[in-house]
Amino acid sequence: GENVEQHPSTLSVQEGDSAVIKCTYSDSASNYFPWYKQELGKRPQLIIDIRSNVGEKKDQRIAVTLNKTAKHFSLHITETQPEDSAVYFCAATLYGNNRLAFGKGNQVVVIP
Amino acid sequence: NAGVTQTPKFRILKIGQSMTLQCTQDMNHNYMYWYRQDPGMGLKLIYYSVGAGITDKGEVPNGYNVSRSTTEDFPLRLELAAPSQTSVYFCASSYPQSSTGELFFGEGSRLTVL
């Protein structure tokens, strides 16, 4: 099955700095790569996604880049703010299947 | 729209008891999912359904059962609860045409088995 790995498991950044989280996946046929944010005690919510025919996508302070050859994709958060503190999950589709495989999550802590 | 609604939010079970986690959505989504979330382990898929009358196993189906008699409802049944089933359970749904779209999650159900 699909294997999705995230690095690092925990990331601390100073407010205003950038944060980068990387994910690798194993299934070369995966074609959709979302990122979910989960605040403490809350449900996961989609923050950005990218499809395999696009190399980069940006939405205000967050962006995602995809390298299909290397089978990795990254979440970039610029000008971090305390409300960015959360666990971030990456995921990838199982091609031809109706489900996502999730990584274990990254704890991002923004230090004021 | 209420979105995805799960009940109960919290439950404590004794070993060997059974219970059903309820999930309903009012967005007319064909696709529905049950995940469990253990600390530091991400989200593991238990069961999923692509439409009424159709269900399929995910990564960790043992000890669970589901049914999908209507588009709106996707209950998760735990038979003979075990301590290993202590977890937070999330129900989710997505748009009808494709799985490559946003998952809408419920608020979660925290289950403790003692």
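Conventions we followed
- Residues numbered from 1 in each chain as written.
- Chains lettered and ligands numbered in written order.
- Predicted model: local features only at pLDDT ≥ 70, side-chain atom pairs only at ≥ 80, totals over all residues.
- Heavy atoms only, no water.
- Helix = DSSP H or I, 4+ residues; strand = E, 2+ residues; numbered from the N terminus.
- Rg over C-alpha atoms; globule rule 2.2 N^0.38 Å.
- Buried < 20%, exposed > 50% of the residue type's maximum accessible area, 1.4 Å probe, protein only.
- Contact = heavy atoms within 4.5 Å.
- Areas by Shrake-Rupley, 256 points an atom, 1.4 Å probe, with all protein chains shown as cover.
- Salt bridge = Lys/Arg side-chain N within 4 Å of Asp/Glu carboxyl O.

> Kindly report on the overall build of chain A, identifying the contributing residues and their values.
In terms of regular secondary structure, chain A is built from 0 helices and 11 strands. Reading chain A from its N terminus to its C terminus gives the helix and strand order β-β-β-β-β-β-β-β-β-β-β. A globule of 112 residues ought to have a C-alpha radius of gyration of about 13 Å, and chain A, at 13 Å, matches this closely. With respect to the three principal axes, the spread of C-alpha positions in chain A is 45 × 30 × 20 Å. The burial tally for chain A puts 44% of its 112 residues in the buried class. Across chain A, every contact between residues at least 6 apart in sequence was considered, and the portion connecting residues at least 24 apart equals 54%. Counting every atom, chain A has about 5600 Å² of accessible surface; 46% of that belongs to carbon and sulfur.

> Lay out the pattern of salt bridges in plain terms, naming residues and giving numbers.
Any two side chains of opposite charge can pair, given that their charged atoms come close. Evaluated as defined, the whole model comprises 8 salt bridges over all chains. Between Lys57 of chain A and Asp49 of chain A there is a salt bridge whose closest N-O contact spans 2.9 Å. Judged by relative accessible area, which is 37%, Lys57 of chain A ranks as partly exposed. Exposure remark for Asp49 of chain A: the relative accessible area of 13% places this residue in the buried category. Residue Asp38 of chain B is joined to Arg36 of chain B by a salt bridge in which the shortest nitrogen-to-oxygen separation is 3.1 Å. According to the relative accessible area criterion, Arg36 of chain B is buried, its value standing at 10%. By sharing partners, the salt bridges in this structure join Arg43 of chain A together with Lys9 and Glu107 of chain B into a single network.

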